[in-house]
Amino acid sequence: MPKRLGAMTTFPHDDTMAFGEYHANDESERAELARQIAELEFAMTWACVDHATTLERMERMAQARHWDDLVARARLLRAHLHRRLGDLPEAIEMAGAVHSWAVDHGHDLLASRTHCALSMIFSHVGDQAGSLEHAVQALALTGPDAPSWVRVNHLLWMGVSVASSKAIHDAQRYFNEALELALQIDDLDLRINVLNNIAYSMYEIGDLASATRHADLLHELIAERTTEDCASHLDTIARIAMEHGDHDRVEQLLIPVLHTDDMAMAAEADAVPACLLTLAESRRRRGDLSDAQQALSRCRYLVDRRGLLEISAEVRREQAALHAAGGMYRDAYAELVRALEENAALQDAAREFRAHVAHANFEFAETRKSRDQFRDMAWRDPLTGLHNRRHMDVELPRQVRSCVAERMPISVAILDLDHFKRVNDTMSHKVGDDVLCQAAQVMLACAPEGAGVIRLGGEEFVILMPRVDHPTALAHCDVMRRALEHHSWTASGGDLTVTASIGVTTTNSALPTSALLSNADRNLYAAKRSGRNRVVGDTD
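Since this is a predicted model, take the numbers as computed values, not measurements.

## Observations concerning the nonpolar core
Now for step 1: Counting residues in each nonpolar core, the largest one holds 68 residues, and the members touching the most others are Val152, Phe175, Leu190, Val194, Ile198, Val250 and Leu254.
Now for step 2: By residue number, the principal contributor to this core is helix H7 (residues 148–163), which donates 10 residues.
Now for step 3: Excluding anything up to four places from it in sequence, Val152 contacts Ala178, Leu181, Ala182, Ile185, Leu190 and Val194.

## Comments concerning the packing of H7 against helix H9 (residues 188–204)
Now for step 1: For the pair H7 and H9, interaxial distance at closest approach is 10 Å and the crossing angle is 10°. Relative to H9, the element H7 lies roughly parallel. Contacts between H7 and H9 involve Trp149, Val152, Leu156, Val160 and Ala163 from the first element and Leu190, Asn193, Val194, Asn197, Ile198 and Ser201 from the second.
Now for step 2: Looking at the contact of H7 with H9 residue by residue, the classes come out as 8 nonpolar, 3 polar and no charged.

## Remarks on the pattern of salt bridges
Now for step 1: Counting across every chain of the model gives 30 salt bridges.
Now for step 2: Of the charged contacts, one joins Arg467 and Glu406 as a salt bridge, the two residues approaching to 2.9 Å between their closest N and O atoms. With Arg467 in the loop between strand S3 (460–466) and helix H20 (470–486) and Glu406 in the loop between helix H17 (389–405) and strand S1 (410–417), the pair connects residues that are 61 residues apart, well separated along the chain.
Now for step 3: A residue is classified by how much of its surface remains accessible, and Glu406, at 40% relative accessible area, is partly exposed.
Now for step 4: Taken together, the shared-partner salt bridges in this structure form one network comprising Glu56, Glu59, Arg75 and Arg78.

## Looking at unusual backbone geometry
Now for step 1: With phi around 55°, Arg407 is a residue other than glycine that occupies positive phi space.
Now for step 2: Its location among the elements puts Arg407 in the loop between H17 and S1.
Now for step 3: Within the chain, Asn533 stands out as a residue other than glycine whose phi angle is a positive 55°.
Now for step 4: Here Asn533 shows up in the loop between helix H21 (513–529) and strand S5 (535–536).

## Structural notes on the sheet that holds strand S4 (residues 500–507)
Now for step 1: Strand order in the open sheet formed by 5 strands is S2-S3-S1-S4-S5, with mixed pairing between adjacent strands. The open sheet has two edge strands with one neighbour each: strand S2 (452–457) and S5.
Now for step 2: Relative to S5, S4 is paired through 2 bridges, and the arrangement is parallel. Bridging from a neighbouring strand, Ile502 pairs with Val535 of S5.
Now for step 3: Each of S1, S3, S4 and S5 is contacted by H20, which is oriented at about 165° to S4, the strand it contacts most.
Now for step 4: Along the sheet, H21 makes contact with S1, S3, S4 and S5, crossing S4 at roughly 145°.

## Here we look at the side chain of Ser201
Now for step 1: Tracing the backbone through its elements, the reader meets Ser201 in helix H9.
Now for step 2: Judged by relative accessible area, which is 7%, Ser201 ranks as buried.
Now for step 3: At 2.9 Å, the side chain of Ser201 forms a polar contact with the backbone oxygen of Asn197.

Basis of the calculations
Residues numbered from 1 in each chain as written. Predicted model: local features only at pLDDT ≥ 70, side-chain atom pairs only at ≥ 80, totals over all residues. Heavy atoms only, no water. Core = buried A, V, L, I, M, F, W, Y, C linked by side-chain atoms within 4.5 Å. Buried < 20%, exposed > 50% of the residue type's maximum accessible area, 1.4 Å probe, protein only. Helix = DSSP H or I, 4+ residues; strand = E, 2+ residues; numbered from the N terminus. Contact = heavy atoms within 4.5 Å. Axes fitted to C-alpha atoms, helices over the stretch in contact; angles between N-to-C directions. Parallel < 35°, antiparallel > 145°, perpendicular 65-115°, else oblique. Nonpolar A, V, L, I, M, F, W, Y, C, P; charged D, E, K, R; others polar. Salt bridge = Lys/Arg side-chain N within 4 Å of Asp/Glu carboxyl O. Pairing = 2+ DSSP bridges. Polar contact = N/O pair within 3.5 Å; in protein donor to acceptor, adjacent residues only side chain to side chain.

Honestly, it's all geometry; don't read function into it.
This is how it looks when you write it as structure tokens:
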């Protein structure tokens, strides 16, 4: 069995969110915790609200009750928070651990969200190829049953990743799809976030006309909000206004940011410093060097205090431009030298981080390989080599969900070898084992493409047939029945005739797996009551 997600932190004892008293095995409490996590998943996609203590408490609660999926979801939110606060090593370790768990447990939606988180982390360190690779995987794993806001986020980030490679038309296609879907969702913050990312991406790749159109829409939506403006949104609008020479508008937008240190106003740790950098550049361009220095000094203070190496070199370059504008060319040269040094340090840090990521990826891959090996051993029948009931308990619900999402049928058959006990009693258990092994190979040869053959126990087998309708499933099972009947069993030590009774059922809806197996079992017993060596389906 895959290991549970273990604790990764010492949890605080203070209570910041009232969940009430918890008792094990209470589904209402699990549902309440899942609801609280879902609310934060949506809210923290668009804002950097510090819920660290709450998230740690949520994770502790889920761990205590072995609700591993909720542990993973809470931990991914903590990874997002670490990334936004600039703690990238912690973010990559947490996101990587959740990704490994999601892959091991076939949790495609969570795996898609971890890919998106990893894409953002890679982008932060300048690895655009790695960022794009994870963005592609995130979108590919975003199934039709994913929440709309998740699809919007993954389409949006795919557009951002593609835009960084200057593929403008492809980026616009993803942006348009994300915006169209966002407009169908009644959430103002989501729409604002989409427009902000599109406008800034278009600005960065030099499409000022598109950037301006989206910035104007962004400003209109921001005006509808009753909450405090987000620094990153203001910076996007201000930077585009600066390119049009509208320095008065830049002042109007960014003056409120000049004296703030409120992270509630920022989606990322560098959002307020980025605003101050834009304000300083705008003031320099219009010739107001004293006020430009005031904004830049405030920016430098925040950058140094928060250790924001990514933006520090940009601050140095702006300081050099400001010195040069004032005729202080020696000071300007000295700042450029420092900017080059900090840029080199940033590149070194990026290389070190990529090495850290590569090592983490290697460890994840090795761990997953070991887990896969042990899981395969645990999920296989040692006699026939077929998958066993433990595998079916995981695979059948997953296949039902997948087929329902694709609006495709899934058929399940239970096969029982007729009078098999006589083989063991009259010819020995060794012959019986040989018959079971040969029967398994016959079933595998006759099963439709994509089907799974599982030994349920004794002489009973289950055939999972995803995306196979009822008539086709009946036909394949009848081929299987005849193949077993006419198979040469002489190599088993005697002249044997082995037949099978098979019950088949099909569903197009999210039927519980217990009901699906019960229907197949009912049809199996109908086949036995009718004389054995036959196939009975839902309509028989």
